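Next come the chains, spelled out residue by residue.
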Protein chains: 2
Amino acid sequence: MRAQGGSERLLERVLVIGAGLIGTSIGLALRQRAIEVYLQDTAPGRLALARELGAGVPPRDGDVFDVVVLAIPPSAIAVELQRAQRLGLGRTYTDVASAKAEPEREAELLGVDMRRYVGGHPVAGRERSGPAAAHADLFVGRPWVITSTPNAADDAVADVRSLAEACGAVPVEMSADVHDAALATVSHLPHLVAALLAAQLTGSTDATVGLGGTGLQDTTRVAAGDPDLWTQILAANAGHLAAVLGQFADDVQRTLVDLRRLADGDRSAAAALTGTLRQGVAGRARVPVKRGQPAAGFVTVPIVVRDAPGELAAVLRALGDAGINVEDVRVEHEPGRARGVVELDVREEAASALIACMNAAGWEVYT
Amino acid sequence: MRAQGGSERLLERVLVIGAGLIGTSIGLALRQRAIEVYLQDTAPGRLALARELGAGVPPRDGDVFDVVVLAIPPSAIAVELQRAQRLGLGRTYTDVASAKAEPEREAELLGVDMRRYVGGHPVAGRERSGPAAAHADLFVGRPWVITSTPNAADDAVADVRSLAEACGAVPVEMSADVHDAALATVSHLPHLVAALLAAQLTGSTDATVGLGGTGLQDTTRVAAGDPDLWTQILAANAGHLAAVLGQFADDVQRTLVDLRRLADGDRSAAAALTGTLRQGVAGRARVPVKRGQPAAGFVTVPIVVRDAPGELAAVLRALGDAGINVEDVRVEHEPGRARGVVELDVREEAASALIACMNAAGWEVYT
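Residues numbered from 1 in each chain as written. Chains lettered and ligands numbered in written order. Predicted model: local features only at pLDDT ≥ 70, side-chain atom pairs only at ≥ 80, totals over all residues. Heavy atoms only, no water.

Observations concerning the environment of G90(A)
Residues and elements named next belong to chain A.
Phase 1 of the analysis: Considering the arrangement of structural elements, one finds G90 in strand β4 (residues 90-95).
Phase 2 of the analysis: The sequence separation of G90 and E104 amounts to 14 residues, and the corresponding C-alpha distance is 18 Å.
Phase 3 of the analysis: Excluding anything up to four places from it in sequence, G90 contacts V64, F65 and V68. (Helix = DSSP H or I, 4+ residues; strand = E, 2+ residues; numbered from the N terminus. Contact = heavy atoms within 4.5 Å.)

Topic: the environment of Y38(A)
Residue and element names in this part refer to chain A.
Phase 1 of the analysis: Following the sequence through the fold, Y38 ends up in strand β2 (residues 36-40).
Phase 2 of the analysis: Measuring from C-alpha to C-alpha, the distance between Y38 and A153 comes to 24 Å, with 115 residues separating the pair along the chain.
Phase 3 of the analysis: Sequence-distant contacts of Y38, that is, excluding residues within four places in its chain, are made with R13, V14, L15, V16, V57, P58, P59, R60, D63 and F65.

Some thoughts on the pairing of strand β2 (residues 36-40) of chain B
Residue and element names in this part refer to chain B.
Phase 1 of the analysis: As judged from the 5 bridges shared by strand β1 (residues 13-17) and β2, these two strands associate in the parallel manner. Across the sheet, R13 pairs through a bridge with E36, a residue of β2.
Phase 2 of the analysis: The handedness of the β1 to β2 crossover, carried by helix α1 (residues 21-32), is right-handed. (Pairing = 2+ DSSP bridges. Right-handed = clockwise from strand over helix to strand, strands pointing away.)

So, the relation of the copies chain B and chain A
Look at the two chain copies: a rotation about an axis and a shift along it is all it takes to match them.
Phase 1 of the analysis: If you rotate chain B by 180 degrees and push it 0.0 Å along the axis, it lands on chain A with an RMSD of 0.1 Å. Both copies of the chain, as the preceding transformation shows, are related through a two-fold rotation axis. When C-alpha distances to the rotation axis are compared across chain B, the minimum falls at T219(B), with a value of 2.1 Å.
Phase 2 of the analysis: In this assembly, 99% of the residues forming the interface of chain B have copies in chain A that are likewise at the interface, indicating an isologous arrangement. (Least-squares fit on C-alpha atoms with pLDDT ≥ 70 in both.)

Notes on the nonpolar core
Phase 1 of the analysis: Residues L192(A), F248(A), L259(A), L192(B), F248(B) and L259(B) are the most contacted members of the largest nonpolar core, which totals 60 residues.
Phase 2 of the analysis: Setting aside anything within four residues of it in sequence, one finds L192(A) in contact with L234(A), L241(A), L245(A), T255(B), L259(B), L273(B) and L277(B).
Phase 3 of the analysis: Formed by 46 residues, the second largest nonpolar core is a distinct cluster that contains L312(A), V342(A), V315(B) and L354(B). (Core = buried A, V, L, I, M, F, W, Y, C linked by side-chain atoms within 4.5 Å. Buried < 20%, exposed > 50% of the residue type's maximum accessible area, 1.4 Å probe, protein only.)

Observations concerning the interface of chain B and chain A
Phase 1 of the analysis: Contact residues are listed per partner, giving 120 residues for chain B and 120 residues for chain A.
Phase 2 of the analysis: Roughly 10,300 Å² is buried in total at the junction of chain B and chain A, and carbon and sulfur atoms are behind 66% of that figure.
Phase 3 of the analysis: Considering only the surface of chain B that becomes buried against chain A, L211(B), R284(B) and R286(B) emerge as the three largest contributors, covering 8% of it.
Phase 4 of the analysis: Run the count over chain B and chain A and you get 8 salt bridges.
Phase 5 of the analysis: Between D218(B) and R221(A) there is a salt bridge, and its shortest N-O distance comes to 2.4 Å. (Buried area = accessible area lost by both parts, 1.4 Å probe. Salt bridge = Lys/Arg side-chain N within 4 Å of Asp/Glu carboxyl O.)

Have a look at this one:
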């Protein structure tokens, strides 16, 4: 991993190829920074919607861009890079694929100019896809991995770093191989396991599925992702993913043996099962978790209020009068008490003003 | 599954043994219906907190209760049932364990009066445990499985049904064995898989774990559950769980073979991987999912507002003036547009008043 430098490059004109969730979100984020964004996509409907949302305008023949961003499926990247470089579309080229070694290898094989291509992966997403799900804030505070090769020009790396920062993300440099091994563990394995878990429900009765609660909802949520896109992602990282899935499979088999012993009345297997669950607790404790769902760059300020009509409105009215915009509001009721907790998400720089405003109006603030 | 009858029984006095998440939540729910709740626990601190929250008061010697609820770990149920029946504490006895066949078998072996014991399982929970996490609304709209044996007296079944209904839950009758098979699929397998998945992170670097996003958060959330309690739950349902874990393990092995073929450059394995992911999508589509997190018994009403300070407050002020209490508020921003969507959760019976109030004030309501 390379130390993060401060070599900011001015980006004025960016071409985004691919108007899906990521491409459209990049366009929206850059437009908020008043960077000119040009948008292309082979699907006219998707492109029209992304443009309608304000993510970019059509490029004109002969335009040359500071950065060309390929927000397209992994298997299409090398060929599209080659095409874009032949047309001389840009100064620097990058992509957003969540597997990095394979596109890099394919680009080298095709003779792409590796001085001007620097791979990227904004580590952010939603289970929904397409431009309608795009958010200008999608990348705020999230890692944006930059996987430059030794051949990459320093100013090309600086361009991609500036792109990430303009989107509000945190640039992190590492090799494609280190990136792919990490993503296999924290993204690709969870996706595949969620799919395999959800698949167990296809043969269940309605009565069975009706007993599912929030645990089932959470553990299977990502399984709704587009199978064709995810096949490409997982296939492009098949080596690393097979390694971590192999370890997972071993752990499953071991646990299966423990459970069969328990089912046969051998209570001595309980300790092994507890050990497995403790490992799960230890692993879970390492997951970066935000309380509630405040976007990065925002903080949550909890306010205690009476649980009465108008009380929440009074809080928000006081904030509106003070010109403080609240990004999100969550309400937690405490049963058996006449008070509730209102969690307000505000931009970090607005937090102290919010607290002062609430204190002045007599509400209890817990920070 | 038995058809649901309307034989409501009046409950006046209930004893809850066990002041954890479920026991305390039952106490809070019953108190809202003005039912007398008496509370016991062997842990003084837990009991004191549950009482402080208003979940019940100490029983007096000689009290006899309409229903005695055992909200204790599965392995303790049979012995506690025997003790409670010998003391003649109640008319009807039930429990809340999430595995039903084993406590039932153990109770029969101990000579418990099975006419007066009817197993129950309120299918609701949180990843947090203990009385501090308790909610009076925890069971609202959730299934409450009732697993009566052929020996159970009709009026005992009616008592447990009334208990479930008083907590706002939906009683569902099925055999202990059908219940346990269903829970293995929709609860116990997801928990175990989440633990095995989270366990893969224990050997990861901080840089790797730092790349985890919402997918990793969701798929591992339940892995934080108490290992000792979950060992009891899983062990009590080891037979059914081993069966579904065996099927899951087979699917994992098959997918591992596909991935290894892909890693070796055999692209023909991609179709099998896509098929697996499609099964995941199909399974996920069967999961009962609430949009956002409105509690059951509540509806979500989306209102379109300008994204400006004070706008949200104005909506809530209008509702406060009309005396409409909003249970929860969620804000969705649409980037690139000057408008946002505010989702208001209100009790079903208040929805039409809310819509009328919003329309009168000129806001767009989408129902």
